[in-house]
Amino acid sequence: MHGFESLEELRLLVALDFLKASEVLSQPFRLDFEHTGGQAWHIPDFLAVIDGGMWLLDVRPMELIKEEDALKFAAAREVAAACGWRYSVIAGWRPHVWSVLDHLSSRRRPARDLLGMRDQLLTAIGGQPGRMMTFCELADSTSVPAVGRANIVRLLWHRELGVDLGSPLRDSSLIWAV
């Protein structure tokens, strides 16, 4: 339930939701600083609490970063370091990352499981530590594979199942119990 000024900021907010950020502050403070060319100010885009640690974030597509932005980002990085926070500039996404997060987030809301798909999926993949199945094999192990697919996506979002997000989500993607 945060405001955003660009689609890139929206994408970051979805990623923070997936990372289970416990708090997110939009435009948390104004940073006034001096540099060799004079004075400047900058307002970072977000401050997030992830796993108990703080992460200061700026969002700007790579092609829109100007020289003065690099100076502002450097000042924000120094403030974050002084506070013991992490700092990142989100300047783009790997081609498949946003499509996978968008797809996973489509199943993030609570839903009734009338067919018992969660239990079918966890039973099919469970029982053996480190056991993996492809997305397609896991879906096909359910009583209604098409519904099983949607429920795999839901369980991935809620971290009951895991997948390597370093590549696109496909039928051949390896899925495991978390």
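All of these numbers come straight from a predicted model, not from anything done at the bench.

The next subject is the overall build of the chain. Of the regular secondary structure elements, the chain holds six helices and nine strands. Taken against the 2.2 N^0.38 rule, which gives 16 Å for 178 residues, the C-alpha radius of gyration of the chain at 20 Å runs more than 25% over that of a compact globule. Referenced to the eigenvectors of the C-alpha coordinate spread, the extents of the chain come out at roughly 65 × 30 × 30 Å. Per-residue burial for the chain yields a buried fraction of 37% across its 178 residues. For the chain, long-range pairs separated by at least 24 residues make up 57% of all intrachain contacts whose partners lie at least 6 apart in sequence. As presented, the chain carries roughly 10500 Å² of accessible surface, and 54% of it is formed by carbon and sulfur atoms.

A few words on the sheet that holds strand β1 (residues 23–26). Spatially, four strands are ordered β1-β4-β5-β6 in an open sheet, and the strand pairing comes out mixed. Strands with a single pairing partner mark the edges of an open sheet, and in this sheet they are β1 and β6 (86–90). Taken over all neighbouring pairs, the strand axes of this sheet differ in orientation by 20 degrees on average, direction set aside. Pairing geometry for strand β4 (residues 46–50) and strand β5 (residues 53–59), over five bridges, is antiparallel. Directly across from alanine 48, in β5, lies its bridge partner tryptophan 55. Most of the contacts of helix α2 (residues 67–83) go to β6, to which it runs at about 155 degrees, and overall it touches β5 and β6.

Looking now at a nonpolar patch on the surface. A contiguous nonpolar surface patch, about 340 Å² in accessible area, is contributed by Leu114, Leu115, Val144 and Val147. In this fold, valine 144 is placed in the loop between α5 (135–140) and α6 (145–157).

Between the first and last C-alpha of helix α1 (residues 7–18) there are 17 Å, a value that for twelve residues agrees with the 16 Å anticipated at 1.5 Å per step. What α1 keeps buried is the set Glu8, Glu9, Leu12, Leu13, Val14, Ala15, Leu16 and Phe18. On its buried side, α1 packs onto β1, β4, β5, β6, α3 (95–105) and α6. Two residues or fewer after α1 comes lysine 20, characterised by a positive phi angle close to 65 degrees.

This next bit is on the packing of aromatic side chains. The final tally for this structure, using the stated rule, is two aromatic pairs. With centroids separated by 6.4 Å and ring planes inclined at 45 degrees, the aromatic side chains of phenylalanine 29 and tryptophan 85 adopt a geometry described as tilted. Of the two residues, phenylalanine 29 sits in the loop between β1 and β2 (31–35) while tryptophan 85 sits in the loop between α2 and β6, which places them 56 residues apart along the sequence. In this structure phenylalanine 29 comes out as partly exposed when scored by relative accessible area, which is 23%. Since its relative accessible area comes to 22%, tryptophan 85 is described here as partly exposed. The residue whose ring lies beneath arginine 86 is tryptophan 55, and the NZ or CZ to ring-centre distance is 4.0 Å. Above the ring of phenylalanine 18, the side-chain terminus of arginine 159 is found at 3.8 Å from the ring centroid.

The subject of this paragraph is the environment of aspartate 171. The residue aspartate 171 is located in the loop between β8 (161–163) and β9 (174–177) in this model. Measuring from C-alpha to C-alpha, the distance between aspartate 171 and glycine 84 comes to 41 Å, with 87 residues separating the pair along the chain. In contact with aspartate 171, not counting residues within four places along its chain, are Thr134, Phe135, Cys136 and Arg149.

The rules behind these values
Residues numbered from 1 in each chain as written. Predicted model: local features only at pLDDT ≥ 70, side-chain atom pairs only at ≥ 80, totals over all residues. Heavy atoms only, no water. Helix = DSSP H or I, 4+ residues; strand = E, 2+ residues; numbered from the N terminus. Rg over C-alpha atoms; globule rule 2.2 N^0.38 Å. Buried < 20%, exposed > 50% of the residue type's maximum accessible area, 1.4 Å probe, protein only. Contact = heavy atoms within 4.5 Å. Areas by Shrake-Rupley, 256 points an atom, 1.4 Å probe, with all protein chains shown as cover. Pairing = 2+ DSSP bridges. Axes fitted to C-alpha atoms, helices over the stretch in contact; angles between N-to-C directions. Patch = residues over 30% accessible without salt bridge, like charges linked within 9 Å, V, L, I, M, F, W, Y side chains within 5 Å. Salt bridge = Lys/Arg side-chain N within 4 Å of Asp/Glu carboxyl O. Expected span 1.5 Å × (residues − 1). Phe/Tyr/Trp six-rings, centres within 6.5 Å; stacked < 30°, edge-to-face > 60°. Lys NZ or Arg CZ within 6 Å of the ring centre and 35° of its normal.

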